[in-house]
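Next come the chains, spelled out residue by residue.
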Amino acid sequence: MEEVEEQQKSQAPENDGESEIVAENSAFVHPPQDGSAPPKVDSEVEVLHEKVTKQIIKEGHGQKPSKYSTCFLHYRAWAESTQHKFEDTWHEQQPLEMVLGKEKKEMTGLAVGVSSMKAGEHALLHVGWELGYGKEGSFSFPNVPPMADVLYEVVLIGFDETKEGKARSDMTVEERIGAADRRKMDGNALFKEEKLEEAMQQYEMAIAYMGDDFMFQLFGKYRDMALAVKNPCHLNMAACLIKLKRYEEAIAQCTIVLAEDENNVKALFRRGKARAELGQTDAARQDFEKARKFAPEDKAIARELRLLAEHDKALYIKQKEIYKGIFGPRPEPKPKKTNWLIIFWQWLVSLFHSLFKRERVKAD
């Protein structure tokens, strides 16, 4: 019964003030392919504008954003003529915030494409230079050639419907933390409905409200308030990534939390699980043992340490068998062959010796 209750606890999303380990679940918008070149897409070409077309790579869900919606997206951009990649928000680990209808001039074509997308949609956009960086291009940052058509690989993480189109930069600290917390709670609700992809989009949007530029400005109670929302989102994403077997990404999410709170038990536990799955048993054991110092009664931590010990024992036995197969069993000593000639000679000498001894005794 205790085991069942423990498993039920492990299926709950991360919340503030929990003491037990919360294990795997959810999903995360991750960088598709390696991003070195535009993706090859075979889907139908949809004409959105005279200068903008779209090909869907992965379907989204729900509604499309309306004018003045605050959209959160990851994208890569290439100059079509040179195939030079000049922007990559996945590499920067910071999604773009775009208020539709208030975007920069050079992002007009991108905004046309985003306005046609649903949350979670992954698409390839082709934007003519007229709705991109124009006749002159850009010779600062980013570096875009003159009259360059642009290819955008885009994932729409999600969007906020706000009539006034209020950007994060215009919000107060309390408003940004509050908006992030609502996203986290929406993610938890979706998680309970087993809508894992949608849940993780909410977690990532929550984190987008609290980027590095925002966190650097916070001190004291405001920083604590922000971390109380931000860290659980990272931990829930790590739990999801473990379930999806994307262990390297899970380790990265846990490490973000541990940079702020080096003794965070949940971050240590989940990073340990991810490392164990990658075969990094020594590093995993270090994480679990450190977590046990702060939660000595936690059964989940004890179980993982026991599994590691069993794994090490099984590995030792397996290696022993492998080495035995390579070098073979120790050879048994071979019995020596009987040399009858030597035996006969020894008998003959013994016989002469006994006769000689007997004659000597008679003479005496």
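In the nomenclature of an unreviewed UniProt entry, the chain corresponds to Peptidylprolyl isomerase from the organism Melia azedarach.

Following the sequence through the fold, serine 116 ends up in the loop between α3 (108–114) and β6 (122–127). Here glycine 113 takes part through its backbone oxygen, which lies 2.6 Å from a polar atom of the side chain of serine 116. The contact partners of serine 116, leaving out residues within four places of it in the chain, are Leu48, Lys54, Lys64 and Glu121.

With that settled, consider the packing of helix α7 (residues 220–243) against helix α8 (residues 247–260). Here α7 crosses α8 at 160 degrees, and the two axes come no closer than 8 Å. Of the possible angle classes, the one that applies to α7 and α8 is roughly antiparallel. The element α7 and its partner α8 pack so that their crossing is left-handed. Contacts between α7 and α8 involve Arg223, Leu227, Lys230, Asn231, His234, Leu235, Met237, Ala238, Leu241 and Ile242 from the former and Tyr247, Glu249, Ala250, Gln253, Cys254, Ile256, Val257 and Glu260 from the latter. When the residues that make up the contact of α7 with α8 are grouped by side-chain class, the tally is 11 nonpolar, 3 polar and 4 charged.

Here alanine 37 lies in the loop between α1 (2–10) and β1 (46–49). Spatially, the C-alpha atom of alanine 37 lies 8.2 Å from that of histidine 84, the residues being 47 residues apart in sequence.

Moving on to the packing of aromatic side chains. Tallied over the full model, the rule gives 4 aromatic pairs. Measuring from ring centre to ring centre gives 5.6 Å for phenylalanine 86 and tyrosine 133, while their planes differ by 85 degrees; the resulting arrangement is edge-to-face. Taken together, the positions of phenylalanine 86 in strand β4 (residues 84–88) and tyrosine 133 in the loop between β6 and β7 (150–160) put the pair 47 residues apart, joining distant regions of the chain. With respect to class, phenylalanine 86 is no different from tyrosine 133; both count as buried. Sitting above the plane of the phenylalanine 214 ring, arginine 176 keeps its charged end 4.2 Å from the centroid. In this structure, lysine 221 is placed above the aromatic ring of tyrosine 222, and the distance from its NZ or CZ to the ring centre is 5.3 Å.

Burial along strand β5 (residues 96–99) is two-sided: Leu96 and Met98 facing one way and Glu97 and Val99 facing the other are all buried. Pairing of strand β3 (residues 70–79) with β5 involves 4 bridges; the strand directions are antiparallel. Looking at the pairing, cysteine 71 lines up with methionine 98 of β5.

What follows concerns the environment of lysine 40. Summarising the element assignment, lysine 40 is placed in the loop between α1 and β1. Residue lysine 40 is classed as exposed on the basis of its relative accessible area, which comes to 77%. For lysine 40 and leucine 124, which are 84 residues apart along the polypeptide, the C-alpha to C-alpha distance reads 9.0 Å.

A few words now on a nonpolar patch on the surface. Taken together, Phe344, Trp347, Leu351, Phe352 and Leu355 make up a surface patch of nonpolar side chains, about 530 Å² in accessible area. Given a relative accessible area of 55%, phenylalanine 352 falls into the exposed group.

Attention shifts here to the pairing of β1. Across 3 bridges, the pairing between β1 and strand β2 (residues 52–58) is antiparallel. If you follow valine 47 over to β2, its bridge partner there is threonine 53. The antiparallel hairpin formed by β1 and β2 contains 2 residues in its connecting segment.

As a further point, take the pattern of salt bridges. Side-chain pairs of opposite charge can arise where the charged atoms are in close proximity. With the rule as written, the count across this model stands at 15 salt bridges. Aspartate 181 is the salt-bridge partner of lysine 184, the closest N and O atoms lying 3.8 Å from each other. Residue lysine 184 and its partner aspartate 181 are both found in helix α4 (residues 173–192); the two are separated by 3 residues, about one turn of the helix. Across the pair arginine 275 and aspartate 287 runs a salt bridge whose closest N-O atoms are separated by 2.9 Å. On the criterion of sequence distance, the pair formed by arginine 275 in helix α9 (residues 265–277) and aspartate 287 in helix α10 (residues 281–294) is long-range, its members being 12 residues apart. Judged by its relative accessible area of 17%, arginine 275 falls in the buried class. The class for aspartate 287 is buried, based on a relative accessible area of 4%.

This part covers α8. Relative to the 20 Å expected for 14 residues at 1.5 Å per residue, α8 spans 21 Å between its end C-alpha atoms, a close match to the ideal helical length. Turning to α8, its buried residues are Tyr247, Ala250, Ile251, Gln253, Cys254, Val257 and Leu258. Buried residues of α8, seen end-on, are gathered within an arc of 165 degrees and therefore sit on one face of the element. Facing away from the buried side of α8, by more than 90 degrees, are the exposed residues Glu248 and Ala259.

Omega for the bond connecting phenylalanine 141 with proline 142 falls within 30 degrees of zero, at 0 degrees, which places this linkage in the cis form. If you trace the backbone, proline 142 turns up in the loop between β6 and β7. The residue glutamine 83 is not glycine, and still its phi comes out positive at about 60 degrees. When you line up the elements, glutamine 83 lands in the loop between β3 and β4. The backbone of methionine 147 sits at a positive phi, close to 50 degrees, despite the residue not being glycine. As for its position among the elements, methionine 147 is in the loop between β6 and β7. A residue is classified by how much of its surface remains accessible, and methionine 147, at 45% relative accessible area, is partly exposed.

What counts and what doesn't
Per-chain numbering applies: the sequence of each chain, read as written, is numbered from 1 onward. Residue-level local features of this predicted model are given only where pLDDT is at least 70; pairs of side-chain atoms are given and counted only at 80 or more, and the full residue set underlies all totals for whole chains, interfaces and linings. Calculation of side-chain values draws on the structure's entire complement of heavy atoms; hydrogens and water are dropped beforehand. Each helix is a run of H or I in the DSSP string that is no shorter than four residues. Each strand is a run of E no shorter than two, and both are numbered from the N terminus. Throughout this description, a polar contact denotes any pair of N or O atoms lying within 3.5 Å of each other; where both atoms belong to protein, one of them has to be capable of donating a hydrogen while the other can accept it, and for residues adjacent in sequence the pair is counted only when both atoms sit in side chains. Contact between two residues is taken to exist if any of their heavy atoms lie within 4.5 Å; hydrogens are not considered. Note on geometry: axes are C-alpha line fits, over the in-contact stretch for helices, and angles between N-to-C directions span 0 to 180 degrees. Working rule for angles: under 35 degrees goes down as roughly parallel, over 145 as roughly antiparallel, 65 to 115 as roughly perpendicular, anything else as oblique. Two helices crossing with the near one rotated counterclockwise from the far one by less than a right angle form a left-handed crossing, whereas a clockwise rotation gives a right-handed crossing. Classification used: nonpolar for Ala, Val, Leu, Ile, Met, Phe, Trp, Tyr, Cys and Pro, charged for Asp, Glu, Lys and Arg, polar for all others including Gly. Two rings from Phe, Tyr or Trp (for Trp, the six-membered ring) form a pair when their centres sit within 6.5 Å of each other. Planes less than 30 degrees apart are called stacked, planes more than 60 degrees apart edge-to-face, and all others tilted. In this scheme, a residue with accessible area under 20% of its type's maximum is buried, one over 50% is exposed, and one in between is partly exposed, where area comes from a 1.4 Å probe on protein chains only. Working rule: Lys NZ or Arg CZ, within 6 Å of ring centre, within 35 degrees of ring normal, means a charge sits over the ring. For two strands to be treated as a pair, DSSP must find no fewer than two bridges joining them. Only residues whose relative accessible area exceeds 30% and that form no salt bridge enter a patch; like-charged residues are grouped when within 9 Å of one another, and nonpolar side chains (Val, Leu, Ile, Met, Phe, Trp, Tyr) when within 5 Å. To measure how exposed things are, a 1.4 Å probe is used in the Shrake-Rupley method; for residues, cover is taken only from the protein chains shown. Just to be clear on terms, a salt bridge is a Lys or Arg side-chain nitrogen sitting within 4 Å of an Asp or Glu carboxyl oxygen. A helix is expected to span 1.5 Å for every residue after the first. For this quantity, the arc is that covered by the directions from the helix axis to the C-beta atoms.

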